[in-house]
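Geometric and topological summary
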Amino acid sequence: MPDLPPDPYLLPPPGDWFASDAAHHLLDKPKFCPSCAASLDRGLISEWWSGHDRIFLTWCASCRWTGNVVLFDKAIIEEPEH
Amino acid sequence: MLTVEQNEELTQVGPGTPMGELLRRYWYPIAFEQDFDKRPSKTVRLLGENWTLYKTPSGTYGIIGEACPHRRASLTYGIVHEDGIRCGYHGWKYDFDGQCVEQPAENDNSTFKDKIKAKAGQAQTMGGMVWVYVGPTPVPELPRFDVYVLDGIRDVGVATLPCNWLQIMENSVDPHHVEWLHGAYFEFLGQTQGFEAPKSFQKKHIKVAFDEFEYGIIKRRVLEGHGEENDDWAIGHPLVFPYGMRVGGQWIDQMQIRVPIDDTHTWKLFYTLHHPEGGTWEPQERPVVYDFEIYDEEGNFVTDYIEGQDAMAWVSQGEITDRTQEHLGRSDQGVALLRKMFKEAMSSVEDGEDPPGVVREKHDVIDLPCEKDKFGAGTAFTDQWINGGSMRYSPIREELLKLHRDAAAAREKADSGA
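Report follows, based on the coordinates. Given the structure is predicted, the values throughout are model-derived calculations rather than measurements.

What to know about the overall build of chain B
The secondary structure content of chain B amounts to 10 helices and 18 strands. For chain B, the C-alpha radius of gyration of 23 Å lies close to 22 Å, the compact-globule estimate for 418 residues. Considered along the principal axes of its C-alpha atoms, chain B spans approximately 80 × 55 × 50 Å. Restricting to contacts in chain B with at least 6 residues of sequence separation, those with at least 24 account for 63%. Split by element, the accessible area of chain B, about 17,100 Å² in all, is 47% carbon and sulfur.

Some details on the pattern of salt bridges
A full pass over the atoms with the stated rule returns 30 salt bridges over all chains. The salt bridge partner of B:Glu350 is A:Arg42, with a shortest N-O separation of 3.2 Å. Linking B:Glu350 in helix α8 (residues 333-350) with A:Arg42 in the loop between α1 (19-28) and β1 (44-50), this pair reaches from one chain into another. B:Glu228 is paired through a salt bridge with B:Lys207; the nearest N and O atoms lie 2.3 Å apart. Separated by 21 residues along the polypeptide, B:Glu228 in the loop between β13 (216-223) and α6 (231-234) and B:Lys207 in strand β12 (residues 205-213) bring together distant segments of the chain.

Here we look at the sheet that holds strand β1 (residues 28-32) of chain B
Residues and elements named next belong to chain B. Reading across the sheet, the six strands line up as β1-β10-β9-β4-β3-β2 and stay open at both edges, with antiparallel pairing between neighbours. Strand pairing shows two members of the sheet lacking a second neighbour, β1 and β2 (41-46), which therefore form its edges. Ignoring strand direction, the axes of neighbouring strands in this sheet form an average angle of 30°. Note that strand β9 (residues 120-126) and strand β10 (residues 129-133) share five bridges and pair antiparallel. When the bridges of β10 are listed, Gln124 appears paired with Trp131.

A closer look at unusual backbone geometry
Cis peptide bonds are those with omega within 30 degrees of zero, and the linkage from B:Thr137 to B:Pro138 qualifies with 0°. Note on placement: B:Pro138 falls in the loop between β10 and α3 (146-149). Here the residue pair B:Phe241 and B:Pro242 is connected by a cis peptide bond, since its omega of 5° sits within 30 degrees of zero. Topologically, B:Pro242 is positioned in the loop between β14 (237-240) and β15 (244-249). For A:Ala37, which is not a glycine, the phi torsion comes out positive at approximately 70°. Of note, A:Ala37 is situated in the loop between α1 and β1. For A:Ala37, a relative accessible area of 54% gives the class exposed.

Considerations on the nonpolar core
All names here are of chain B. Judged by nonpolar contacts, the single largest core of 65 residues is most densely connected at Leu53 and Tyr148. Tallying contributions element by element places α8 first for this core, with eight residues. Leave out the neighbours within four places in its chain, and Tyr148 touches Met126, Gly127, Met129, Trp131, Pro143, Arg154, Met255, Ile257 and Tyr271. Listed in part, the 30 residues of the second largest apolar core include Val178, Ile252, Ile306 and Leu401.

Some points on the pairing of strand β17 (residues 265-274) of chain B
Residue and element names in this part refer to chain B. Of all 10 residues in β17, nine are buried; the element is thus mostly enclosed. Where strand β11 (residues 153-161) and β17 come together, nine bridges link them in antiparallel fashion. By the bridge assignment for β17, Ala159 is matched with Lys268. Where strand β16 (residues 252-262) folds back on β17, the antiparallel hairpin that results is connected by two residues.

Observations concerning α1(A)
Among the residues making up α1(A), those that are buried are A:Ala19, A:Ala22, A:Ala23, A:His25, A:Leu26 and A:Leu27. Residues of α1(A) that are buried sit in contact with β1 and β2 (53-59) of chain A together with α1 (4-11) of chain B.

Focus: the packing of aromatic side chains
Residue and element names in this part refer to chain B. All told, the structure shown has 20 aromatic pairs over all chains when counted by the stated rule. One aromatic cluster is present, built from ring pairs that chain together Tyr26, Trp165, Phe241 and Phe342. Sitting over the ring of Trp233, Lys207 keeps its end group 4.5 Å from the ring centre.

Regarding the sheet that holds strand β3 (residues 66-71) of chain A
Across the sheet, three strands lie side by side as β1-β2-β3 (chain A); this open sheet has antiparallel pairing. Edge positions in the sheet fall to β1 and β3 of chain A, since each of these pairs with one other strand and no more. Direction aside, neighbouring strands of the sheet carry axes that sit 25° apart on average. Across the sheet, α8(B) is in contact with β1, β2 and β3 of chain A; its angle to β2(A) comes to roughly 25°.

Topic: the interface of chain B and chain A
Counting residues at the interface gives 27 residues for chain B, matched by 29 residues for chain A. Buried area between chain B and chain A, both sides added, is near 2,300 Å², and the carbon and sulfur share of it is 58%. Where chain B touches chain A, the interface holds three salt bridges. For B:Asp351, the salt bridge goes to A:Arg64, with nearest N and O atoms at 3.1 Å.

What counts and how
The residue numbering used here restarts from 1 in each chain and proceeds along that chain's sequence as written. Think of it this way: whatever chain is written first is A, whatever ligand is written first is 1, and the rest follow in order. Residue-level local features of this predicted model are given only where pLDDT is at least 70; pairs of side-chain atoms are given and counted only at 80 or more, and the full residue set underlies all totals for whole chains, interfaces and linings. Heavy atoms from the whole structure form the basis of all side-chain values; hydrogens and water molecules are not counted. Only DSSP runs of H or I covering at least 4 residues are called helices, and only runs of E covering at least 2 are called strands; the numbering of each starts at the N terminus. To get the radius of gyration, use the C-alpha atoms; to get the globule rule, take the number of residues to the power 0.38 and multiply by 2.2 Å. Throughout, a contact is declared for two residues whenever any of their heavy atoms are within 4.5 Å. Areas reported as accessible are Shrake-Rupley estimates using a 1.4 Å probe. Residue values count occlusion only from the protein chains shown. Any Lys or Arg side-chain nitrogen found within 4 Å of a carboxyl oxygen on Asp or Glu counts as a salt bridge. In this analysis, strands are considered paired if DSSP registers two or more bridges between them. An axis is simply a line fitted to the C-alpha atoms; with a helix, the fit covers only the stretch in contact. Between two such axes, the angle follows the N-to-C directions and lies from 0 to 180 degrees. To sort residues, take the accessible area from a 1.4 Å probe on protein chains only and compare it with the maximum for the residue type: under 20% means buried, over 50% means exposed, and anything in between is partly exposed. Here, nonpolar core means buried Ala, Val, Leu, Ile, Met, Phe, Trp, Tyr and Cys residues that are tied together by side-chain atoms lying within 4.5 Å of each other. Pairing of aromatic rings covers Phe, Tyr and Trp, the last through its six-membered ring, and needs centres within 6.5 Å; plane angles under 30 degrees mean stacked, over 60 mean edge-to-face, and all others mean tilted. Cation placement over rings: the criterion is NZ of Lys or CZ of Arg within 6 Å of the ring centroid and within 35° of the ring normal. Here the quantity called buried area is the total loss of accessible area, with a 1.4 Å probe, experienced by two parts when brought into contact, counted for both.

Right, dumping it as structure tokens:
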């Protein structure tokens, strides 16, 4: 695992069951707004999962852009019935 | 999943915190009118601070920081005047704005009192409750939501829950929990303990949606066997930002209120209005207030009713749920949306703007959208809700059941042309 960002970021205690997920959240969450490129330090990023995809609902405090940033292994297209 | 910092920012409600500053832009119910029948003052705790709420002889309410600025004694044990309250310890008197106006032992220095101003807010009554505002001026209007002002019979279930208010609010944008916690789990309890669980909560969710609107977020659902024309989707019901949820069905209309007492305690109220079409009732002077049970004698959660199940889910997460350890899924997008809304609102306050749901215009009533035909259950819903929810603890439960049954019979008779 790469080095974690420096303080003031905090992590749950290493013994916590999902400390690894929390560490990866800290490492992988978007750092800059996809719309205006401002730092997301003042924004809000909630991570959720869909299958193997990791999805970051992202809100930028600078331009107030809201959207999902998706980390995925492979692109999957669900075909509707036809 | 959030970072530690984001979780703290979203859950800390004290003065000077971003969420605390946001939450101080709203009015809160903090007591009932009957609380002042025997004593003119009481201590209330709101947003991490203790306050003295008092009622003057002519019926005006005031709220002031509990600790007297002189020697920090409690103003709750003070002397209530028509124009303010006086500390019982040394007689310092404060007006409704918290300004010290008298210091009996300091008469030789008349300017001292001018520099003493206690923290104070505004208070007024609505729907049998005393509401307070402890934020900055200009003071917004007290929103007169429909359930508080429409005619009907009211009962209010109350409990203080040992958890942060936000984890209760997140439940309001989590439609899927209904079919499991109040459906499958309730059915499991019924089968193992020998009672019949209500069926209308067991229907499977096919589709859910969340729409932001001026007072919060409207939640919609399509249940198995239903379509978009049904009330649950076409109308839905709202999370009322930042601490309420409006629910209802079959002329039982309810505001679920979550008052943030402090970071780890929430005053939870089920404020319910019963006003069935076709029904008749005598005017009610004050709401009936009752306690609903959270724990049994052995300290276990009481989960054989709907709101007890909810309380278990909220409180068992811990005082402040650790969102660095959670794993949200696709069905939790409403939760992520709500957090975004809070963060956006905090930013609005920092920018000097009003956050969502702050009302500045005078008004008589604010009607909130709320489905009438809940879960497609028809009139059976009233019995299921009253008997299977917190209202089972209401001292007027039997009267409520009769009110709704009689009204349903009257409607049926009218529809049949008899």
